[in-house]
Amino acid sequence: MASEQLPVDGAAAAAAASGDEPFLGLLDIALLAVLIGGAAFYFLRSRKKEEEPVRSYSIQPTTVSTTTATDNSFIKKLKASGRSLVVFYGSQTGTGEEFAGRLAKEGIRYRLKGMVADPEECDMEELLQLKDIENSLAVFCLATYGEGDPTDNAMEFYEWITNGDVDLSGLNYAVFGLGNKTYEHYNKVAIYVDKRLEELGANRVFELGLGDDDANIEDDFITWKDRFWPAVCDHFGIEGSGEEVLIRQYRLLEQPDVQPDRIYTGEIARLHSMENQRPPFDAKNPFLAPIRVNRELHKGGGRSCMHIELNIDGSKMRYDAGDHVAMYPINDKALVEKLGQLCNADLDTVFSLINTDTDSSKKHPFPCPTTYRTALTHYLEITAIPRTHILKELAEYCTDETEKQLLRSMASLAPEGKEKYQSWIQDACRNVVHILEDIKSCKAPLDHVCELLPRLQPRYYSISSSAKLHPTDVHVTAVLVEYQTPTGRTNKGVATTYLKHKQPKEGGEDVKVPVFIRKSQFRLPTKPETPIIMVGPGTGLAPFRGFIQERQHLRDEGKTVGESVLYFGCRKRSEDYIYETELAEWVNKGTLTLKAAFSRDQEKKIYVQHLLEQDADLIWDVIGEKKGHFYICGDAKNMAVDVRNILTKILSTKGNMSEADATQYLKKMEAQKRYSADVWS
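Computed from a predicted structure; not experimentally measured. (Residues numbered from 1 in each chain as written. Predicted model: local features only at pLDDT ≥ 70, side-chain atom pairs only at ≥ 80, totals over all residues. Heavy atoms only, no water.)

Q: Explain unusual backbone geometry here, please?
A: Apart from glycine, the bulk of residues carry a negative phi angle, and the bulk of peptide bonds sit in the trans form. With an omega of 5°, the peptide bond between Pro279 and Pro280 qualifies as cis. For Pro280, the position within the fold is in the loop between strand 8 (250–254) and strand 9 (287–296). A cis amide bond, omega 0°, links Cys368 with the succeeding residue Pro369. In this structure, Pro369 sits in the loop between strand 12 (350–355) and strand 13 (370–371). Non-glycine residue Lys673 carries a positive phi angle of around 60°. Looking at the secondary structure, you find Lys673 in the loop between helix 21 (659–671) and strand 23 (675–680). Taking relative accessible area as the criterion, Lys673 reaches 43% and is therefore assigned partly exposed. (Helix = DSSP H or I, 4+ residues; strand = E, 2+ residues; numbered from the N terminus. Buried < 20%, exposed > 50% of the residue type's maximum accessible area, 1.4 Å probe, protein only.)

Q: What is the right way to read the packing of aromatic side chains from this model?
A: Here a ring pair, both rings aromatic, is described through the centre-centre distance and the interplanar angle of the planes. For the structure shown, the criterion picks out 29 aromatic pairs. Here the aromatic rings of Phe176 and Phe221 are separated by 5.3 Å at their centres, their planes lie at 70°, and the arrangement is edge-to-face. Here Phe176 is found in strand 5 (residues 172–179), whereas its partner Phe221 is found in helix 7 (residues 217–236), with 45 residues between them in sequence. Residue Phe176 is classed as buried on the basis of its relative accessible area, which comes to 0%. Given the relative accessible area of 0%, Phe221 is considered buried. The ring of Trp424 carries Arg430 above its face, with NZ or CZ at 3.8 Å from the centroid. Arg518 extends its terminal NZ or CZ atom over the ring of Tyr460, reaching a point 3.6 Å from the ring centre. (Phe/Tyr/Trp six-rings, centres within 6.5 Å; stacked < 30°, edge-to-face > 60°. Lys NZ or Arg CZ within 6 Å of the ring centre and 35° of its normal.)

Q: Honestly, the sheet that holds strand 8 in this entry has me stumped. Any pointers?
A: On the basis of which strands lie adjacent, the open sheet formed by 3 strands has the order 8-12-13 and antiparallel pairing. Across the chains shown, the open sheet's two edge strands, defined by having one partner strand only, are strand 8 and strand 13. Summarising the sheet, strand 12 and strand 13 pair through 2 bridges and their orientation is antiparallel. In the strand pairing of strand 13, Phe351 is matched with Thr370. (Pairing = 2+ DSSP bridges.)

Q: Help me understand the pairing of strand 3 (residues 137–145), please; the structure alone is not making it clear to me.
A: Among the 9 residues in strand 3, 9 count as buried, and that is most of the element. Two strands pair when backbone bridges link them, and strand 1 (residues 85–90) and strand 3 are joined in this way by 6 bridges, in the parallel orientation. Among the inter-strand pairings, Val86 is bridged to a residue of strand 3, identified as Ala138. The pairing of strand 3 with strand 5 spans 6 bridges and is parallel. Residue Val139 lies in a different strand from strand 5, and its bridge partner there is Ala174. Two strands pair when backbone bridges link them, and strand 3 and strand 4 (residues 149–150) are joined in this way by 2 bridges, in the antiparallel orientation. Looking across to strand 4, one finds that Thr144 is bridged to Pro150. As consecutive antiparallel partners, strand 3 and strand 4 are separated by 3 residues, and within that stretch Gly146 has a phi angle of approximately 60°, a positive value.

Q: Is there a simple way to explain the pattern of salt bridges in this structure?
A: When the charged atoms of two side chains with opposite charge come close together, those side chains can pair. Here the structure, examined in full by the defined rule, presents 41 salt bridges. What emerges from the salt-bridge pattern is a single network uniting Lys338, Arg430, Glu437, Asp438 and Arg489. (Salt bridge = Lys/Arg side-chain N within 4 Å of Asp/Glu carboxyl O.)

Q: Honestly, the UniProt feature "binding site: NADP(+)" (unreviewed entry) in the protein in this entry has me stumped. Any pointers?
A: Under the present numbering, the feature "binding site: NADP(+)" (unreviewed entry) in UniProt falls on Arg303, Thr539, Ser599, Arg600, Lys605, Ile606, Tyr607, Val608, Gln609 and Asp642. Looking at the element boundaries, Thr539 is found in the loop between strand 19 (532–535) and helix 16 (542–556). When neighbours within four sequence positions are excluded, Thr539 is seen to be in contact with Cys305, Thr477, Val479, Ile578 and Trp680. (UniProt positions renumbered as here; feature names shortened; annotations may be inferred. Contact = heavy atoms within 4.5 Å.)

Q: Any chance you could explain the pairing of strand 12 here in plain terms?
A: Every other side chain in a regular strand lies on the same face of the sheet, so the side chains alternate between the two faces. Burial within strand 12 is extensive, with 5 of its 6 residues counted as buried. In this sheet, strand 12 lies alongside strand 8 in antiparallel orientation, the contact comprising 5 bridges. Bridge pairing in strand 12 places Tyr250 opposite Asn355.

In structure tokens:
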């Protein structure tokens, strides 16, 4: 380093010594002027290119932000843009964020300019200052996730109001919760936040709203907000502006001149992250895991269940039995092509959607610039059942008045409109492609469709292996989703259809899928000698395969392991009895006690619930006498509810408890992590 600097230092000393020479000669000055001029020309030219899109929608202008994008002060942003409404969201799958966006957008109708905010990106202690803004209101759209937990992005805020004792007097607020009644802790987070904010002195402007995703959460939301806005107007003494104005949240910028290496091709966050992989790997930076094995588990019956082994060697990702692996799927290419045709669009057009709200930290709805093909393939949920606000906006592009009124009706609060939405959209399982196929006069521009559709979410699977045996492999057990709809169409599951076609070939190139690990509370007891009962019909067996692998491994090492009882169920022993050979081996080795129900192998159907009822003494012995652990995995709507009720009954009869005491005992087991559920609906 010193040798490189010496000539420079020497030249500087010589120039300083000869005081009769100027520091820069005429030639130097001329060269410098040329360089500065060239840089200025390039800068202005590139800016002009960026600011002159080939085609752009005229969008209502919004206030220019005076705060930086990295500023986490939502108070500064509100004040700088003359807003008084802030809608925070706690969202795991994107629905909470979507609802928050719709509320913030509608605020304009009621003279309350709004902004959407992610509590994880905000200094939430600023809620104390919100009262200083006239007619200010904070709305919280909060989902409950897992076993009654806040979503990842709302965790810090939840802990802050739980553990803190701040004075929130003067804060006006309202809460809407997103939950699912089939789960034990229905809307626990929203119920708690609503109550806790009041305890801290805040002023509830409107009653808590609870959305049930098992029924019709869209209907719950629009019914709640239809009563919410009049209450807000009454509270602040303001009037609505009447007719709803449909305002685009994003403006289109077509970018034909963007260099190919600056275009997103499916990356979740960082450009080229799929080519230049580097840890840590998570939801924003998934690991491309090669599929080592993809084999069929079913032996007949017309349905398909896949056993998939993902190689995570070199990723530095770690997992425990009971964790989940998340996978980013892609949409069916034929559906993508069909949507492009219906919107009369060139799918290879390079474009960006740019947020018209310059104060928002979310500049684009998905990574931009990209092509329509990539957006529809990697970033957007095109097979989801569309919510009513999408129908309302699509209606504006109908040239046939009858079709326009049909879409408007289904987006309305009128009882007949709600019934039509239920039958024509939900019961018929119509996605946006089906709607555009059937509403032939609707010719929506594809950029607006891209704005309206929700983000394509990762799919989560219970890991069906133990890291003690397979430290560099993650096993997945997944049933292929495919069904006929009332309109005669075939709907296919996005992720399982994608996986079905990911078949590794011996000697061929690696077949890879983007994945990351999500930690879970679904855990084996810390002491191996603790007995366990596992209830896992169908693919509910997945995490228990990992549990049993681990317990067998401990026994092979000479350790004492408690009793492991598995209740498994499927339709027919000869068709869908998955992992039959492995289970038989564990039984023969004395590691597992297996209770299997084959519902259709006899005239009267038998399910795992029936086997549990017959084994009341065994169950009480394990969980009542020996303080063992009880686990459920599988269907939340019927099986898990039935099993919990049976367990309460067994505790009551065998433990000589009242029903109330048995319920309390079960809650205590949950608190002690002795009762765990990994269920889905």
